[in-house]
Amino acid sequence: MTKRPIFASLLLLSSALVAPAALAQDVSGGAPASDTPPATTEAPAGEEPAADDAAAQDEQGDISIPGGADQEIVVTGRYTPNIVRATPEVVSVLSSADIARTGEGDISGSLQRVTGLSVVGGGFVYVRGLGDRYSLALLNGSPLPSPEPLKRVVPLDIFPSNVIDSTLVQKSYSANFPGEFGGGVINLTTKSTPREPFLTFSGGIGWDSETTNELGYTYYGSDTDWTGFDDGTRDVPPLLKAAFASGKPILQGADYSQDDLEAIQMELVNAETTLLQQNNHIPVNWSAGITGGTTIPFANGELGIIATAGISNKWRTRDTLQQTSLNQDLSGDPQTNYNRVITDNRIVVNGLIGFGLELGEHKLRWTSLYIRDTLKQSRLGLGSDANQVGRDIMKQDTAWYERQLINTQFVGEFQFDALKVDLRGAYANSQREAPYERGFTYVRTNLPTTQDPTGNTFVNDLGGNRGDATIAFSDLNEDLWSGGVDLSYELAPQITATLGYAYTDTSRTAVRRAFQFRAPGLPVAVTQLRPDYLLSDATIQLYDIALVETSAQDGTAAFDAGLTTHAGYAQLQAEIVSGMNVNVGVRYEDAKQTVVPIDLFGSGGSAIAATNLKNDYWLPAVTLTWEVAPDMQVRMNASNTIARPQFRELIAQIYQDPESNRQFRGNPSLTDSELWNAELRYEWYFAKDQRVTAAGFFKKIENPIEAYTSLSTDSVANTSFANAPKALLYGGEVEVQKYFALDTLSDAAFWASRRLVLIGNYTFTKSEIQVGAGDTTVINGVTQDASNFFFDGSPLTGQSDHLINFQIGLEDQDKLSQQTILVTYASPRVTSRGPSGQPDIREKPGISVDFVARQGINLLNKEIELKFEARNLTGRKYEEVQESGDNRIFLNRYKLGRTFSLSASLKF
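Conventions we followed
- Residues numbered from 1 in each chain as written.
- Predicted model: local features only at pLDDT ≥ 70, side-chain atom pairs only at ≥ 80, totals over all residues.
- Heavy atoms only, no water.
- Helix = DSSP H or I, 4+ residues; strand = E, 2+ residues; numbered from the N terminus.
- Buried < 20%, exposed > 50% of the residue type's maximum accessible area, 1.4 Å probe, protein only.
- Contact = heavy atoms within 4.5 Å.
- Areas by Shrake-Rupley, 256 points an atom, 1.4 Å probe, with all protein chains shown as cover.
- Pairing = 2+ DSSP bridges.
- pLDDT = per-residue confidence, 0-100.
- Salt bridge = Lys/Arg side-chain N within 4 Å of Asp/Glu carboxyl O.
- Phe/Tyr/Trp six-rings, centres within 6.5 Å; stacked < 30°, edge-to-face > 60°.
- Lys NZ or Arg CZ within 6 Å of the ring centre and 35° of its normal.
- Patch = residues over 30% accessible without salt bridge, like charges linked within 9 Å, V, L, I, M, F, W, Y side chains within 5 Å.
- Lys, Arg positive; Asp, Glu negative; His and termini not counted.
- Charge placed at Lys NZ, Arg CZ, Asp CG, Glu CD.
- Axes fitted to C-alpha atoms, helices over the stretch in contact; angles between N-to-C directions.
- Parallel < 35°, antiparallel > 145°, perpendicular 65-115°, else oblique.
- Nonpolar A, V, L, I, M, F, W, Y, C, P; charged D, E, K, R; others polar.
- Polar contact = N/O pair within 3.5 Å; in protein donor to acceptor, adjacent residues only side chain to side chain.
- Arc of directions from axis to C-beta.

Caption draft 1: Broad picture of the overall build of the protein chain. Helices and strands together make up the secondary structure of the protein chain, namely 12 helices and 44 strands. For the protein chain, buried positions account for 56% of its 908 residues. Sequence-distant contacts in the protein chain: of pairs separated by 6 or more residues, those separated by 24 or more amount to 73%. Split by element, the accessible area of the protein chain, about 34,900 Å² in all, is 56% carbon and sulfur.

This is the structure in structure tokens:
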């Protein structure tokens, strides 16, 4: 009789914690090498998890392991099936069943249900109040590049749930992971090869109460925009491409005549990218996908194949209020005050193909992933600026942002008796292209003139004092090569030593070319033309409209960046005495990080300083786990880790963020942050898949990197970055997961197999920046008093004091039937330091209530899953606000719509 292997979870996780790629396979529920069931109780790709498994309970006794054709090994010991319990570190695991229960369309939505995690703006995960810079994202154990100009961390909202099988969050540092580990590491595991052939088709539609069938704005673009791929309309025209390559700034002078500039302008796509159109009936959201896989058995092994592809097309309209103030107490009328309607059409296309080869005790896995995330954005705003008293200002913007991630990786796991060898190698490329970022400003004077007796007409005089027109092209490309090897040797029963080496090489190039259209002295009748007529071929030629490059006025137009790391580490995992285990290790990590301005115009060098950080660190870590009772254990962890500046934070180049509609500018003088971490944790596993955990944690940070805000001369809010002197962060968290059988409520068959699911967690976090007399910070090479940028005792940016997640639901243990209410609360958090002594800018996430129902039915011998989602039932608002007494300035405020969606999947 074949039974589950003893210590299966513990051994798999111990090897995984010295080889992250191994964990990627094992947690996902992929098939093991033999016919023995996996250590986890999760279903393989395409299958529902088993409703119950009595064998999965902790047990003591003899357990058989197949050892070959006619031999059997019998070992006596305790089987610990729970991944969270068995690992020697502090982890949280989102299985495929957990992800499915939340019903989220992308993985960042599921992660916000994990204890201590919150998701901030665009899918960036904060762990225990530490910003995304302190979190590390891996895909099957390999690092990922970012398509975001502001980040080196990949936004997790670009990962659709249909390509991710499980997610592990490790909150305590171990030496096998990269040293940039402040809050935690998030390891995403793609779908593994199946145990039996399957093919699944899926589709869905959705409704947003603030968007669907409501007023919004869009523009034509190209015929294929709905797919997320432009048909070539937005390609850089030949004359402009040649001008880019010339190495000369594009403006009238020795290099370009007025005729040259007019020819360049007339090649630009005009009406398709400039003409904003009102749409009173914004379409519904929709998605579609296909997933399939099979396994091919052969002598002493098998080959598994899985592939998936999907597309989603979603709309979102935000009716925003955006303000700024110049007064420290925020008194009086706002300096700028705009009501702006923003409509986003977001299209995500994804594809994955994976092969898994198992040969006896050896496993080989190759996975390739493609994700394209496109945002088509239209903005129309009306407001006022105190610098232009009595005038109304109308701003129109159109943009197209393409983000793309390509990842291919190989993982090999080789078992030679007591020696285990893990190899991993990966290449990833991320890109972001933003062609034809167009902006138009029209001004209404409200003063009668001869040409405009009413004064009620909006005009744009192209660069005078009544309006302007701009266009920009930007491109970002990042390549990341990574590799590693781990050698693990079982020195004795319950004692494993590991030596490892890891290498990463990241290179990024970013270019942004920005222009203004200028034509002083335009006739009034021409200034009143709509944007596409204003910049028509006839107008350009008739009124000598000039194209003036402004790329380098506020920084550098382009930069190269690189980060190369070499790391070696040693780790020992051992049972010191019965019931007490230690995982101790040390990592030596050497890194060279550069950010160099590119001299596009051959002017002999940029005035902006390059950054060259070269540091090496010894990073120790130890975790002690003590089993105080058969179902209880206590963990203690201490470690030293680091956080590096992100590329975009180091370059003084203006960047417009489409999410917050705010400008960002880097600081070349940033330095690394160092963290000292400690945690004490209690865990009680009182029944299968049920637990109570409580933890306290403490972090001390030297030179934390914080965002601060300043106002430009035209009252635009600019965010930049600086090293604060010190910071402390401490807090606690508690988690409860409990099931209640409902068969006692009634004899009716409906209740016989149903249970009540209660999952809840709460995290309290407190942080404070420490600024003393004489503390300084360096801004663009200039040493300044730190108190000019940071208040002593202020919280770290992104940190909420309170995070609450609660799930209550009914689920059937015999078949797919789940109904779940999900509640999330995050208390206010600072998004940026206030400008010029003003109060900090705070976001108020508030309470969100969602409902998800999943129901499986069988129709004509085919499995069908129906899913209904209702989200943001409380109708909360998004608020980013400054407050001083009764005075309030809303930097961003809008309603978040209630969303409803219905989807179905058909499995063959």
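Now that the structure is up, let's keep going.
Caption draft 2: Geometry of the sheet that holds strand β8 (residues 164-170). What the five strands build is an open sheet, ordered β3-β8-β9-β6-β7; its pairing is mixed. Across the chains shown, the open sheet's two edge strands, defined by having one partner strand only, are β3 (91-94) and β7 (142-143). Relative to strand β9 (residues 184-190), strand β6 (residues 135-139) runs parallel, the two being bridged by five bridges. The partner of Leu136 across the bridge, within β9, is Val185.

Caption draft 3: Just the confidence of the model for the protein chain, in detail. Averaged over all residues, the pLDDT of the protein chain equals 84, while 86% of them reach at least 70. Across the protein chain, the element-wise mean pLDDT spans from 36 in helix α1 (residues 8-18) up to 97 in strand β11 (residues 216-218).

Caption draft 4: Region of the structure containing the pattern of salt bridges. All chains considered together, the criterion is met by 40 salt bridges. A salt bridge links Glu843 to Arg829; the nearest nitrogen and oxygen atoms lie 3.3 Å apart. Here Glu843, found in strand β39 (residues 841-843), pairs with Arg829, found in strand β38 (residues 829-832); they are 14 residues apart in sequence, far enough to count as distant. Glu843 sits in the buried class, given a relative accessible area of 7%. What makes Arg829 buried here is its relative accessible area of 3%. The partner of Asp840 in a salt bridge is Arg833, with the nearest N and O atoms 3.0 Å apart.

Caption draft 5: Broad picture of the packing of aromatic side chains. Applying the stated criterion across every chain yields a total of 17 aromatic pairs. Taken together, a centroid distance of 6.3 Å and an interplanar angle of 35° make the contact between Phe177 and Phe181 tilted. Phe181 sits in the buried class, given a relative accessible area of 1%. Site record: aromatic cluster; members linked through ring pairs are Phe244, Tyr436, Phe473 and Phe515. In this arrangement the basic side chain of Arg530 is found over the ring face of Tyr533, its NZ or CZ atom lying 4.2 Å from the centre. Note that Arg755 overlies the ring of Tyr739, its terminal NZ or CZ placed 3.7 Å from the centroid.

Caption draft 6: Representation of a negative patch on the surface within the structure. Among the surface-exposed residues, Asp223, Asp231, Asp235, Glu433 and Asp475 lie close enough to one another that they form a single negatively charged patch. Examined against the element boundaries, Asp231 turns out to sit in the loop between β11 and α6 (238-245).

Caption draft 7: Main features of the pairing of strand β34 (residues 776-779). Of the two faces of β34, the one holding Thr777 and Ile779 is buried and the one holding Thr776 and Val778 is not buried anywhere. Two elements, β34 and strand β35 (residues 782-785), share four bridges in a ladder whose sense is antiparallel. Looking at β35, one finds that Val778 is bridged to Thr783. Connecting β34 to the antiparallel partner β35 that follows it, the hairpin turn spans two residues, and Asn780 within it adopts a positive phi of roughly 50°.

Caption draft 8: Region of interest: the environment of Arg508. When you line up the elements, Arg508 lands in strand β20 (residues 495-518). Sequence-wise, Arg508 and Leu476 are 32 residues apart; in three dimensions their C-alpha atoms are separated by 7.2 Å.

Caption draft 9: Looking closely at unusual backbone geometry. Of note in the backbone geometry, Asn140 takes a positive phi value of approximately 55° without being a glycine. Along the polypeptide, Asn140 turns up in the loop between β6 and β7. Taking the relative accessible area as the measure of exposure, Asn140 reaches 1% and is therefore buried. The phi dihedral of Asn780 is positive, around 50°, even though this residue is not glycine. Within the element layout of this structure, Asn780 appears in the loop between β34 and β35.

Caption draft 10: Up close: a nonpolar patch on the surface. A surface patch of nonpolar side chains, about 610 Å² in accessible area, is lined by Ile205, Trp207, Val284, Phe868, Leu873, Phe900 and Leu902. Secondary-structure elements contributing two or more residues to the nonpolar patch are β10 (198-208) and β44 (899-907). Of note, Ile205 is situated in strand β10.

Caption draft 11: The packing of α6 against helix α7 (residues 258-267), seen in detail. Two numbers describe how α6 lies on α7: the axes approach to 7 Å, and their chain directions differ by 125°. Taken together, α6 and α7 sit at an angle that is classed as oblique. In this structure, α6 uses Pro238, Leu239, Leu240 and Ala243 to contact α7, whose residues at the interface are Ala263, Ile264 and Glu267. Classifying every residue of the contact of α6 with α7 gives six nonpolar, no polar and one charged.

Caption draft 12: Molecular detail of the environment of Arg854. Along the chain, Arg854 turns up in strand β40 (residues 846-859). At a separation of 3.0 Å, a polar atom in the side chain of Arg854 contacts the side chain of Glu865.

Caption draft 13: Geometry of the side chain of Gln170. With respect to the helices, strands and loops of the structure, Gln170 is situated in strand β8. At 3.0 Å, the side chain of Gln170 and the side chain of Ser174 are in polar contact.

Caption draft 14: Up close: the side chain of Asn677. Structurally, the position occupied by Asn677 is in strand β28 (residues 673-687). Polar side-chain contacts of Asn677 include one of 3.1 Å to the side chain of Thr641. Of note is the side chain of Asn677, whose polar atom sits 3.1 Å from the side chain of Lys699. Among residues more than four places away in sequence, those in contact with Asn677 are Phe181, Gly182, Asn637, Ala638, Ser639, Asn640, Thr641, Phe698 and Lys699.

Caption draft 15: View of the environment of Gln807. Note that Gln807 resides in strand β36 (residues 802-812). A relative accessible area of 10% means that Gln807 is categorised as buried. Other than its neighbours up to four places away in sequence, Gln807 contacts Arg101, Arg113, Val757, Leu758, Ile759, Thr820, Ile821 and Leu822.

Caption draft 16: Quick peek at the pairing of strand β18 (residues 419-444). Within β18, 20 of the 26 residues are buried, leaving the element largely enclosed by the surrounding structure. As defined by bridge partners, strand β17 (residues 392-416) adjoins β18 across 22 bridges and the pair is classed as antiparallel. The residue bridging Gln404 from the neighbouring strand is Gln431, located in β18. In this sheet, strand β19 (residues 468-492) lies alongside β18 in antiparallel orientation, the contact comprising 21 bridges. Looking at the pairing, Glu433 lines up with Asp475 of β19.

Caption draft 17: Spotlight on α7. Inspection of α7 places Gln258, Leu261, Glu262, Ile264 and Gln265 among the buried residues, and these make up the whole buried set. All buried residues of α7 project into a common sector of 160° when viewed along the axis, lining one side. Of the surrounding elements, those touching the buried residues of α7 are α6, β20, α11 (537-542) and β21 (546-549).

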